[in-house]
Amino acid sequence: QVQLVESGGGLVQPGGSLRLSCAASGSIFSIYAMGWYRQAPGKQRELVAAITSRGSTNYADSVKGRFTISRDNAKNTVYLQMNKLKPEDTAVYYCNADGATMTREIFGSWGQGTQVTVSS
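Reading guide: rules and limits
- Residues numbered from 1 in each chain as written.
- Predicted model: local features only at pLDDT ≥ 70, side-chain atom pairs only at ≥ 80, totals over all residues.
- Heavy atoms only, no water.
- Helix = DSSP H or I, 4+ residues; strand = E, 2+ residues; numbered from the N terminus.
- Rg over C-alpha atoms; globule rule 2.2 N^0.38 Å.
- Buried < 20%, exposed > 50% of the residue type's maximum accessible area, 1.4 Å probe, protein only.
- Contact = heavy atoms within 4.5 Å.
- Lys, Arg positive; Asp, Glu negative; His and termini not counted.
- Charge placed at Lys NZ, Arg CZ, Asp CG, Glu CD.
- Salt bridge = Lys/Arg side-chain N within 4 Å of Asp/Glu carboxyl O.
- Pairing = 2+ DSSP bridges.
- Axes fitted to C-alpha atoms, helices over the stretch in contact; angles between N-to-C directions.
- Core = buried A, V, L, I, M, F, W, Y, C linked by side-chain atoms within 4.5 Å.
- Polar contact = N/O pair within 3.5 Å; in protein donor to acceptor, adjacent residues only side chain to side chain.

Q: With reference to specific residues and values, describe the overall build of the chain.
A: Of regular secondary structure, the chain possesses 0 helices and 11 strands. The C-alpha radius of gyration of the chain comes to 14 Å, within 12% of the 14 Å expected for a compact globule of 120 residues. Expressed as lengths along the three principal axes of its C-alpha atoms, the size of the chain is roughly 50 × 25 × 20 Å. Out of the 120 residues in the chain, the part that is buried amounts to 42%. Put simply, of all contacts in the chain between residues at least 6 apart along the chain, 55% involve residues at least 24 apart. When the 12 basic and 8 acidic side-chain charges of the chain are each reduced to a single mean position, those positions are 5 Å apart.

Structure below.
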């Protein structure tokens, strides 16, 4: 079992910044990739940003230049620094991690989600 716990969401004004964190715990041997997804009301869940264990990153076009994903492999933690936030960034943000457990079983885990609201 691998658990993901997110933190850092909240209410922010347009143009403001927030930093999300997601820590993975449990029977972890290796985490190949970690990422952030978001789901706005009435919309499908979409990829925001992802990062591999070697640091390769991928961003949705809508957040390029504003969001930065990073990770601390020693702490099994991924971060999402969100700058210049827009009302359309409002959504529930979910953390995801793919890897292998200590018994070498492949896992794909999700966090519980954290609400980000951008509004004046």
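Q: With reference to specific residues and values, describe the pattern of salt bridges.
A: Summed over all chains, the structure comprises 4 salt bridges. The closest approach of N and O atoms between Arg38 and Asp89, which form a salt bridge, is 2.9 Å. Taken together, the positions of Arg38 in strand β4 (residues 28-39) and Asp89 in the loop between β8 (77-82) and β9 (91-101) put the pair 51 residues apart, joining distant regions of the chain. A relative accessible area of 6% places Arg38 in the buried class. The shortest N-O distance in the salt bridge between Arg66 and Asp89 comes to 2.8 Å. Note that Arg66 is positioned in the loop between β6 (57-59) and β7 (67-72) and Asp89 in the loop between β8 and β9, a separation of 23 residues in sequence. On the basis of relative accessibility, which here comes to 9%, the residue Arg66 falls in the buried class. Look at Asp89 and you get buried, because its relative accessible area is 1%.

Q: Help me get a handle on the sheet that holds β8, residues and values and all.
A: With respect to topology, 4 strands assemble into an open sheet ordered β1-β3-β8-β7, the strand pairing being antiparallel. Only two strands of the sheet have a single partner each, and these edge strands are β1 (2-7) and β7. Looking at each pair of strands side by side, their axes are set apart by 15 degrees on average, direction ignored. Pairing between β1 and strand β3 (residues 18-26): 6 bridges, direction antiparallel. Across the sheet, the residue bridging to Gln3 is Ser25, located in β3.

Q: Before we move on, could you go through the nonpolar core and cite the residues and values that matter?
A: Judged by nonpolar contacts, the single largest core of 31 residues is most densely connected at Trp36, Leu80, Met82 and Tyr93. Aside from chain neighbours lying at most four places away, what touches Tyr93 is Glu6, Leu20, Trp36, Tyr37, Arg38, Val48, Phe67, Leu80, Met82, Gly113, Thr114 and Val116.

Q: A description of the environment of Thr103 should follow, citing residues and the corresponding values.
A: Note that Thr103 resides in the loop between β9 and β10 (106-110). Within the structure, Thr103 has its side chain in polar contact with the side chain of Thr101 (distance 3.0 Å).

Q: Residues and numbers for the side chain of Arg38, please.
A: For Arg38, the side chain forms a polar contact with the side chain of Asp89, separated by 2.9 Å. Residues in contact with Arg38, not counting those within four places in the same chain, are Gln44, Arg45, Glu46, Val48, Ser62, Val63, Phe67, Glu88, Asp89, Ala91, Val92 and Tyr93.

Without other data, these values stay purely geometric and don't point to any function.
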